[in-house]
Amino acid sequence: MPGNELQITGGITQALLDALNQIHTAVAAQLVNPDGSPSRSAVYMHLPVGQPIDPKMYANPWTPAGGSAYGAVSNTGAFTAPTPPPLPEGTPATPAGQLTAMPQPNPQLQLAINSAFNTARRVDDMLMVTDKGVAVSWPQRTVSIEYFTALSGMQAEPIPEPSADIKKRIADAQKTLYLMDADGNFTGYTPRNTAYRRNQKALADARSEYALAYSQAMSDPVQGQAWPVTSARYQNAVDQAYNDFRDMGGQEIEDAIATLQSIGGSAAAALIAKARKMYDDYSIGLGGAIAVKVPWSYVDPVSWWDHTNRDFGVMKVKASSTQYQTSGGGGQHSFGHSFYTNESSSTSGSAGYHVFGFGASANASHSSTSHDDGWNTDQSSWNWHQDQSSSATVSFEWFVASIERPWLLGDLFHMDGWYLAGQKKNSISDGTIEGQIGDVPKLLPMIPKAFLIVRNVTITADSWGSMGSVFQSATDSASGHTDSSSTSYGGKVGWFGLGGSVQHSSSESSGAFSNQHDAYQGFSFTSSGTGGTLELFGSQIVGWIGQIQPAAPRKDDPALANGGSNDTPADAGGSPAVPEDANAAPQN
């Protein structure tokens, strides 16, 4: 049975499971309440197969500050030297030359916008709540759409009629500030309010002139020397403007304004209106030539995509088969053991189980090589590999990257005073982990708040068996010819990312996964007898941290008690049904 395969696994698999246990322990230690007790609202879920990060897709994204705000600084935060401007040239005489001389699109800005779009899309997919520690994506459900649906249906409860005293205070304040006709319509400002507005501007101007004069004096040694004396002129203008502002009814006008602004309304209605405006404001044109608005999100740290940057504090892990055996990693309470068993039992017998790619089967699905001399080959086959190592070590770097969504106002889900039109209470979330596992009708049960990055992986083993010859062949092929590609070597290596469609390398593109001595490969394999060392370059997302939303809304739509219906048509933004393949691994 697949679940019993753990007893016969080799050292590579055991080292990987030890690494998995270390990561889970470290991440779980961060998911605690202020008193140190385990959080009941944060969930960590691991990916069966890692999601590789191509830096070209996420480097230096556009920000509201303008363009690529981070493209001009180094990893240490210091500004890099600007590119010198091109020398001026005369306008070419030929039409072709004039066309060439026309301004071209700024590739840096285009890349920044594209990176912002890709980042927003990457963090928008929803995750299904599970009880097995495995991340499973919702089929075609996104945080931004579900949140927009919730905002569209939110309805604030009516507030009680204000008392007679409050009504009188409002009327008196309005008379102080505004002129009204016989029907009570505002027709302009009162003389006192007009004077207040004029004096308010005069005071602001006087303060601005004082600051400007000070700035000019500090930039001129002669004026600066005399500033302690000459400043009296500007200070006198500020004092006079302030006295006019206060003496000509300024306090009365400010009291009337404060009265109108402090009269209580519906807190829920105000927050709903603010949430809708924020969603609107942060939904911007990142779609390029496609007229669609994309809610802008960003990731902290901003250089999460750069597998060479160690300046923001990455963690290092070294795991081994010896540590796994010593710590009794195969115990029933081990996260690695549980993850391994769940994954192996969910894979069909014909394909074997794929837990980190070692143990039962793997494949080399495609290999193509084109030599300089014109000779080429193209082959496709299915190979059977087994973890034959007795000892192995795994080392890598990891960190948790936070997802920031400035357009999402989560405060709404923590307050009373509103309901969802046509829906019962808790239709967004019931606030618990257990109550939402497989519970399809919830609109926004969990929001991904962070993801776990693993990068620069090294695996050393005393015996790689037939898997080693496949890696060596792929390495030799890629380094010895001008045009070489490799796909799916070795089946799946779990969240370390070899095999399947998880990673692809090509000598014609050095982009996503590369190192200094070999820019053509996604991995490097160095053999030593029957053993060897496998290096996996670049970064991968290996797990997600989700935040269970509080119980919301906290009451039913009152119309339901009067015979209304909470049936939501399929095109009205309701939660979709889960298809039979919902437990498949997340795909982006």
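Bear in mind that the values here come from a model prediction, so they are computed numbers and not experimental data.

## Structural notes on the overall build of the protein
So, step 1. When you go through the protein residue by residue, the secondary structure sums to 14 helices and 19 strands.
So, step 2. For the protein, restricting intrachain contacts to residue pairs at least 6 apart in sequence, the fraction spanning at least 24 positions comes to 76%.
So, step 3. As displayed, the protein has an accessible area near 30300 Å², and 54% of this comes from carbon and sulfur atoms.

## Focus: the environment of Met-446
So, step 1. Along the chain, Met-446 turns up in strand S15 (residues 446-461).
So, step 2. Looking at Met-446, the relative accessible area reads 0%, which means it is buried.
So, step 3. Spatially, the C-alpha atom of Met-446 lies 7.9 Å from that of Ser-429, the residues being 17 residues apart in sequence.
So, step 4. Residues contacting Met-446, with those up to four places away along its chain left out, are Val-43, Met-45, Met-126, Leu-127, Met-128, Val-129, Gly-546, Gln-547 and Ile-548.

## Digging into helix H4 (residues 107-122)
So, step 1. Over its 16 residues, H4 runs 22 Å from end to end, which matches the ideal 22 Å to within 8%, given 1.5 Å per residue.
So, step 2. For H4, the set of buried residues is Ala-112, Ser-115, Ala-116, Asn-118, Thr-119, Ala-120 and Arg-122.
So, step 3. Against the buried residues of H4 lie strand S1 (42-53), helix H2 (55-58), strand S2 (125-128), strand S8 (294-295), strand S9 (298-300) and strand S19 (531-548).

## Some details on helix H7 (residues 191-218)
Side chains three or four residues apart in an α-helix point the same way, a direct result of the helix having 3.6 residues per turn.
So, step 1. If you check H7, its first and last C-alpha atoms are 41 Å apart, about what 28 residues at 1.5 Å a residue would give, namely 40 Å.
So, step 2. When we look at burial in H7, the residues that qualify are Asn-193, Ala-195, Tyr-196, Asn-199, Leu-203, Ala-206, Ala-213 and Ala-217.
So, step 3. Contacts from the buried residues of H7 go to helix H6 (164-177), strand S5 (178-180), strand S6 (186-189), helix H8 (221-247) and helix H9 (250-262).

## Looking at the packing of aromatic side chains
So, step 1. According to the stated counting rule, one finds 17 aromatic pairs in the structure shown.
So, step 2. With a centroid separation of 5.6 Å and 65 degrees between ring planes, the pair formed by Tyr-214 and Trp-227 is classed as edge-to-face. One end of the pair, Tyr-214, is in helix H7; the other, Trp-227, is in helix H8, and 13 residues separate them in sequence.
So, step 3. Between the aromatic rings of Tyr-279 and Trp-407, the centroid separation amounts to 5.7 Å while the plane-to-plane angle is 85 degrees, which identifies the pairing as edge-to-face.

## So, the layout of surface pockets
So, step 1. Looking at the second largest pocket, its volume works out to about 550 Å³.
So, step 2. What lines the second largest pocket is a set of 21 residues, among which His-24, Ala-42, Val-43, Tyr-44 and Ile-433 lie closest to the centre.
So, step 3. Every element with two or more residues in the lining of the second largest pocket is listed here: helix H1 (11-30), S1 and helix H12 (335-345).
So, step 4. Top contributing element to the lining of the second largest pocket by residue count: S1, with 4 residues.

## Overview of unusual backbone geometry
So, step 1. For the peptide bond that leads from Asp-300 to Pro-301, omega is 10 degrees, which places it in the cis range.
So, step 2. In this structure, Pro-301 sits in the loop between S9 and strand S10 (315-320).
So, step 3. The omega angle of the peptide bond from Ala-552 to Pro-553 is -10 degrees, so this bond is cis rather than trans.
So, step 4. Structurally, Pro-553 is set in the loop between S19 and helix H14 (558-561).
So, step 5. One non-glycine residue with positive phi stands out, namely Asn-60, at about 45 degrees.
So, step 6. Here the phi dihedral of Asn-456 falls at roughly 50 degrees; this positive angle occurs in a residue that is not glycine.
So, step 7. Following the sequence through the fold, Asn-456 ends up in strand S15.

Parameters and conventions
- Residues numbered from 1 in each chain as written.
- Predicted model: local features only at pLDDT ≥ 70, side-chain atom pairs only at ≥ 80, totals over all residues.
- Heavy atoms only, no water.
- Helix = DSSP H or I, 4+ residues; strand = E, 2+ residues; numbered from the N terminus.
- Contact = heavy atoms within 4.5 Å.
- Areas by Shrake-Rupley, 256 points an atom, 1.4 Å probe, with all protein chains shown as cover.
- Buried < 20%, exposed > 50% of the residue type's maximum accessible area, 1.4 Å probe, protein only.
- Expected span 1.5 Å × (residues − 1).
- Phe/Tyr/Trp six-rings, centres within 6.5 Å; stacked < 30°, edge-to-face > 60°.
- 1 Å grid on protein atoms, 1.4 Å probe; cavity = no way out; pocket = protein on both sides within 12 Å on 5 of 7 lines; lining within 4 Å.
- Points joined across faces, edges and corners; volume = space filled by probe spheres on them.

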